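Descriptive structure summary
Read off the chains here:
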Amino acid sequence: MAAPAWLDHSFALVHGEDGDGRRKAVAEWTRRRVDAEWADFSLTVCSEGCPWPEVMAALQEAAPLGAEVRTVLVPAADNLFTRAKELPGAVKALLEKPPQGVNLLLVAWNTLPAAPGKALGAKPWTDWTKAGRILKVGVLEPAEIPGFIEAEAKQLGLSLQGAAASLLAQRQGGNPGLIKRALEVLDLLSEDRRVSEAMVDQVTFRLADQKAFAWSGAWQKGDAAGALKALRMALEDEEEPLMLLGQARREVDRLLRYAEAQAAGLRGPELTSALGLSPKQAFLLDGYRGAFEKLKAKGIKALLGRLNQCERDLKGMALSRSEAPLLDLTLALCRAWGR
């Protein structure tokens, strides 16, 4: 469920890769502001990837007779945050002082970076963050995972014993949906509310030792045959493709971080830290280095495009629901990481 404070804002932004969380947040926000009887007249949904002028035009339309406010929803708005420093003056003024009688929700499919100079690292977005107008529903950062697991377990009344929490983080990664589903299963298994490491291993074994990791491990070695075999097995399970997508997004995100770190001249421990890796995982840098040198900036952008297309297809937001995008992504990942 979306944070109550975020839902209170008439001008807001939701971003991140967690499709389930994103849809729930958008539904809750619009339910508060759009009267079902007037939705056809008072709700404007802009086209995906539309520019700021289209958003401004939608905001400036008059509310229909009988409706107190108008609501504008901007789906797939990632492109509006590609050049944080080039925000038009009229748009910036509007976002700094939202007018009365209109609501605006911006929806980005990817997690928008908040570092200085990045999408959310400049005004007015920094002010939006302080005011609680921005909700992140993306993959958790490594440092956020333990706290998220602890909070979710506490809400369910579960006590994670020994290394149970760390094993759960290792197996499920930073996807909030996967972590929640695993904890819900553990909630059913633990009659005394105590969760052991063995119970976590039992619940997460299928994902950890079979399809998802077999798939990612294969394409990271450039093994197209192995990757396609693992993919075929995964497609038999309705939920497994989303797990594969989470694995791929995590690796491509690290590849993007590697490119940014190279541009910043980072080396050694600083480079490892920039990718969210521990010192013991420094050996993984060779894979990202090889992929970066092969793809360059243009190739990485194309790979990210394939990944976004897969997300649209798997989550039912594209015209086609065929297997082609995921097959294409698998081969692209094999070519990128293969030696």
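Our subject is the structure listed above.
Everything numeric in this text was worked out from a predicted model, so none of it was measured.

**Re the overall build of the protein**
In terms of helices and strands, the protein carries 16 helices and seven strands. In the protein, buried positions account for 46% of the 339 residues. Of the contacts formed within the protein by residues at least 6 apart in sequence, a portion of 73% connects residues at least 24 apart. As displayed, the protein has an accessible area near 17,400 Å², and 55% of this comes from carbon and sulfur atoms.

**Some thoughts on the pattern of salt bridges**
In total, this model carries 12 salt bridges according to the counting rule given. Between Arg-22 and Glu-311 there is a salt bridge, with its nearest N and O atoms 3.8 Å apart. On the criterion of sequence distance, the pair formed by Arg-22 in helix H2 (residues 19-33) and Glu-311 in helix H15 (residues 285-314) is long-range, its members being 289 residues apart. Assessed through its relative accessible area of 2%, Arg-22 is described here as buried. You can call Glu-311 buried: its relative accessible area is 1%. With its nearest N and O atoms 3.0 Å apart, the salt bridge here joins Asp-253 to Arg-257. With a gap of four residues between them, Asp-253 and Arg-257 both fall in helix H13 (residues 240-263), about one helical turn apart.

**Here's the deal with helix H7 (residues 145-156)**
The end-to-end C-alpha distance of H7 is 17 Å, a good match for the 16 Å that 12 residues give at a rise of 1.5 Å each. Along H7, the residues classified as buried are Ile-145, Phe-148, Ile-149, Glu-152 and Ala-153. The buried side chains of H7 occupy one side of the element, clustering within an arc of 125° when seen end-on. Projecting away from the buried face of H7 at angles above 90 degrees are the exposed residues Pro-146, Glu-150, Lys-154 and Gln-155. Close packing links the buried residues of H7 with strand E6 (159-160), helix H8 (164-172) and helix H9 (176-189). After H7 finishes, the residue Gly-157 shows a positive phi value of roughly 75°.

**Observations regarding helix H5 (residues 89-96)**
For H5, the set of buried residues is Val-91, Leu-94 and Leu-95. One side of H5 holds all its buried residues, which, seen down the axis, span an arc of 95°. Structurally, H5 contributes buried residues whose contacts are with strand E1 (11-15), helix H4 (52-59), strand E4 (102-108) and helix H6 (125-131).

**Considerations on the packing of aromatic side chains**
All chains considered together, the criterion is met by six aromatic pairs. Ring plane angle 75° and centroid distance 5.7 Å describe the contact between Trp-215 and Trp-219, whose orientation is recorded as edge-to-face. With Trp-215 and Trp-219 both in helix H11 (residues 211-220), this residue pair falls four residues apart, about one helical turn. Taking the relative accessible area as the measure of exposure, Trp-215 reaches 0% and is therefore buried. When the ring centre of Trp-109 is taken as reference, the NZ or CZ atom of Arg-22 above it lies at 4.7 Å. Positioned above the aromatic ring of Trp-128, the side-chain terminus of Arg-133 is 5.7 Å from the ring centre.

**Observations concerning the sheet that holds strand E2 (residues 43-45)**
With respect to topology, five strands assemble into an open sheet ordered E2-E3-E4-E1-E5, the strand pairing being parallel. Edge positions in the sheet fall to E2 and strand E5 (134-136), since each has one partner strand and no second. Going from strand to strand, the sheet's axes swing by 15° on average, the running direction of each strand aside. Relative to strand E3 (residues 70-74), E2 runs parallel, the two sharing three bridges.

**Describing the environment of Glu-96**
Structurally, Glu-96 can be placed in helix H5. Its relative accessible area of 42% is what places Glu-96 among the partly exposed residues. It is 8.4 Å that separates the C-alpha atoms of Glu-96 and Trp-128, two residues lying 32 residues apart in sequence.

**Points about the environment of Gly-19**
Within the secondary structure layout, Gly-19 lies in helix H2. By relative accessible area, Gly-19 is classed as buried at 3%. Expressed as a C-alpha distance, the spacing of Gly-19 and Gly-177, which sit 158 residues apart in the sequence, is 9.0 Å.

**Thoughts on the side chain of His-9**
By secondary structure assignment, the location of His-9 is in the loop between helix H1 (4-7) and E1. Within the structure, His-9 has its side chain in polar contact with the backbone oxygen of Ala-131 (distance 2.8 Å). The contact partners of His-9, leaving out residues within four places of it in the chain, are Trp-29, Arg-33, Ala-131, Gly-132 and Arg-133.

**Section: the pairing of E4**
A regular strand places its side chains on the two faces of the sheet in alternate fashion. The buried count for E4 comes to seven of seven residues, which makes it a mostly enclosed element. Neither face of E4 is exposed, since Val-102, Leu-104, Leu-106 and Ala-108 on one face and Asn-103, Leu-105 and Val-107 on the opposite face are all buried. Here five bridges tie E1 to E4, and the two strands are oriented parallel to one another. Note on E4: the bridge partner recorded for Ala-12 is Leu-105.

Conventions and cut-offs
- Residues numbered from 1 in each chain as written.
- Predicted model: local features only at pLDDT ≥ 70, side-chain atom pairs only at ≥ 80, totals over all residues.
- Heavy atoms only, no water.
- Helix = DSSP H or I, 4+ residues; strand = E, 2+ residues; numbered from the N terminus.
- Buried < 20%, exposed > 50% of the residue type's maximum accessible area, 1.4 Å probe, protein only.
- Contact = heavy atoms within 4.5 Å.
- Areas by Shrake-Rupley, 256 points an atom, 1.4 Å probe, with all protein chains shown as cover.
- Salt bridge = Lys/Arg side-chain N within 4 Å of Asp/Glu carboxyl O.
- Expected span 1.5 Å × (residues − 1).
- Arc of directions from axis to C-beta.
- Phe/Tyr/Trp six-rings, centres within 6.5 Å; stacked < 30°, edge-to-face > 60°.
- Lys NZ or Arg CZ within 6 Å of the ring centre and 35° of its normal.
- Pairing = 2+ DSSP bridges.
- Axes fitted to C-alpha atoms, helices over the stretch in contact; angles between N-to-C directions.
- Polar contact = N/O pair within 3.5 Å; in protein donor to acceptor, adjacent residues only side chain to side chain.

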